[in-house]
Amino acid sequence: MFYYLLKYVVLGPLLRLFFRPVIEGTEHIPADGAAIVAGNHLSFSDHFLMPAIIKRRITFLAKAEYFTGPGVKGRLTAAFFRSAGQIPVDRSGKEAGQAAIREGLGVLSRGELLGIYPEGTRSHDGRLYKGKVGVAVMAIRGQVPVVPCAMVGTFEIQPPGKVVPRLKQVTIRFGEPLDFSRYAGLEDEKAAIRAVTDEIMYAILGLSGQEYVDEYAAKVKAAEQAERPGKFPKIRR
């Protein structure tokens, strides 16, 4: 109930008013049934803008830190994400990836939309980074289509370290659903899930027009921060 109050009464109208989003390709989102929406991740604002402009409810696997932050801000953030139906996922430890996959498959088994950022973290420089293979495992095992999505302009309105976003127009594009049924039963094959993941990332790239980096974003962030300490704001993964 609170999800739809936020979407249609409180947050959704404000986001449309302030950011005047240009929306392209929503016809590619299935009207019903399970599907994955896989997008690039440029800004904290992505968490709110994409869900606000699509008709169906979408559930994201949110990092557990959003639910455990200290102080008043932490409690408010946790309350918001819980009320919005987002699922906390602990990304530390060996079982973190499998836990995320189990949670995601649970959403898909109910015939719902699952939102995923295959890069695993926000881009710190606006480029598109190599995708993690969890999205491929869920797509193959769940036998569901993947709708690529590109957020354009959200890095400029709220790059890492900026708390209050700039009020500028953004574009949200959805591409044609990708069908991976030909990979049925191959979700444990490394070559297959890498191929599926790369196909998803290539589709996102075609929509976003970003520069692509064939390395994991978290690895590049860590290397740059080690080489130039103090140059970058502390970035949460």
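Residues numbered from 1 in each chain as written. Predicted model: local features only at pLDDT ≥ 70, side-chain atom pairs only at ≥ 80, totals over all residues. Heavy atoms only, no water.

## Some details on the packing of aromatic side chains
This is how it is decided: Between rings of Phe, Tyr and Trp, where Trp is taken as its six-membered ring, a pair exists when centres lie within 6.5 Å; planes separated by under 30 degrees are stacked, by over 60 edge-to-face, and by other angles tilted. Buried residues are those whose accessible area, probed at 1.4 Å on protein chains only, stays under 20% of the maximum for their type, while exposed residues exceed 50% and partly exposed ones sit between those limits. Strands here are runs of E lasting at least two residues and helices are runs of H or I lasting at least four, both read from the DSSP assignment and numbered beginning at the N terminus.
Counted according to the given criterion, the structure contains 3 aromatic pairs. Measuring from ring centre to ring centre gives 5.3 Å for Phe44 and Phe48, while their planes differ by 70°; the resulting arrangement is edge-to-face. Here Phe48 falls in the buried class, since its relative accessible area comes to 18%. Summarising the aromatic geometry, the rings of Phe60 and Tyr117 are spaced 5.2 Å apart at their centres and angled 25° between planes, so their arrangement reads as stacked. Within this pair, whereas Phe60 is found in strand E3 (residues 58-63), its partner Tyr117 is found in the loop between strand E5 (113-116) and strand E6 (128-129), the two being separated by 57 residues in sequence.

## What about a nonpolar patch on the surface?
The condition is simple: Two distance rules govern patches: like charges are joined within 9 Å, and nonpolar side chains (Val, Leu, Ile, Met, Phe, Trp, Tyr) within 5 Å, applied only to residues with over 30% relative accessible area and no salt bridge. Per-residue accessibility takes into account occlusion by the displayed protein chains alone, with areas from the Shrake-Rupley method and a 1.4 Å probe. Should a side-chain nitrogen of Lys or Arg be within 4 Å of a carboxyl oxygen of Asp or Glu, the pair is scored as a salt bridge.
Together, Tyr4, Leu5, Tyr8, Val9 and Val10 give the surface a local cluster of nonpolar side chains, amounting to about 460 Å² of exposed area. Tracing the chain through its elements places Tyr8 in helix H1 (residues 2-19). Take Tyr8: its relative accessible area is 47%, and that puts it in the partly exposed class.

## Comments concerning the pairing of strand E7 (residues 146-152)
To keep things clear, this is the line we draw: Note: two strands are recorded as paired if DSSP finds a minimum of 2 bridges between them.
Where burial is concerned, most of E7 is hidden: 6 out of the 7 residues are buried. Strand direction decides the pairing type here: strand E2 (residues 35-39) and E7, joined by 4 bridges, are parallel. Among the inter-strand pairings, Ala38 is bridged to a residue of E7, identified as Pro148.

## What to know about the nonpolar core
Here is the rule we go by: Only buried Ala, Val, Leu, Ile, Met, Phe, Trp, Tyr and Cys residues count toward a nonpolar core, and they belong to the same one when joined by side-chain atoms within 4.5 Å.
Judged by nonpolar contacts, the single largest core of 29 residues is most densely connected at Ile36, Leu108, Met138, Val146, Phe180 and Ile200. Among the elements that line this core, the one with the most residues is helix H7 (residues 190-208), at 7 residues.

## Comments concerning the pattern of salt bridges
Pairs can form between side chains of opposite charge once their charged atoms are near each other. In this structure the tally under the stated criterion is 8 salt bridges. Between Glu211 and Arg127 there is a salt bridge, and its shortest N-O distance comes to 3.5 Å. Of this pair, Glu211 sits in the loop between H7 and strand E9 (212-213) while Arg127 sits in the loop between E5 and E6, and the two are 84 residues apart along the sequence. Note that Asp188 and Arg141 form a salt bridge whose closest N and O atoms lie 3.6 Å from each other. One end of the pair, Asp188, is in the loop between strand E8 (171-174) and H7; the other, Arg141, is in helix H5 (residues 134-142), with 47 residues separating them in the sequence. The exposed category is assigned to Asp188, whose relative accessible area is 61%. Among the ionic contacts, a cluster of salt bridges with common partners joins Asp125, Arg127 and Glu211.

## Remarks on the side chain of Gln158
Cut-off, in case you're wondering: Polar contacts here mean pairs of N or O atoms no more than 3.5 Å apart (in protein, one a potential hydrogen donor and the other a potential acceptor; neighbouring residues in sequence count only if both atoms are side-chain atoms). Here a residue-residue contact requires only that any non-hydrogen atoms of the pair lie within 4.5 Å.
Mapped onto the fold, Gln158 is located in the loop between helix H6 (154-157) and E8. You can call Gln158 buried: its relative accessible area is 6%. For Gln158, the side chain forms a polar contact with the side chain of Ser45, separated by 2.4 Å. In contact with Gln158, other than residues within four places in its own chain, are Leu42, Ser43, Phe44, Ser45, Val163 and Pro165.

## Quick notes on the environment of Leu6
Tracing the backbone through its elements, the reader meets Leu6 in helix H1. Residue Leu6 is classed as buried on the basis of its relative accessible area, which comes to 12%. Put simply, Leu6 and Ala52 are 46 residues apart on the chain and 8.5 Å apart in space, counted from C-alpha to C-alpha.

## Observations regarding the sheet that holds E2
Each strand in a sheet pairs with its neighbour through backbone hydrogen bonds, running either in the same direction (parallel) or in the opposite one (antiparallel). Keep this limit in mind: Axes, fitted as lines to C-alpha atoms, cover a helix only where it is in contact. Angles between the N-to-C directions of the axes lie from 0 to 180 degrees.
Across the sheet, which stays open at both edges, the 7 strands sit in the order E1-E8-E7-E2-E5-E3-E4 with mixed pairing between neighbours. Edge positions in the sheet fall to strand E1 (22-24) and strand E4 (87-89), since each of these pairs with one other strand and no more. Mean inter-strand twist for the sheet, computed between neighbouring axes without regard to direction, equals 25°. Across the face of the sheet, helix H2 (residues 46-53) comes into contact with E1, E2, E3, E7 and E8 while running at roughly 60° to E8. Set on the sheet, H7 makes contact with E2, E7 and E8; between it and E7 the angle comes to about 35°.

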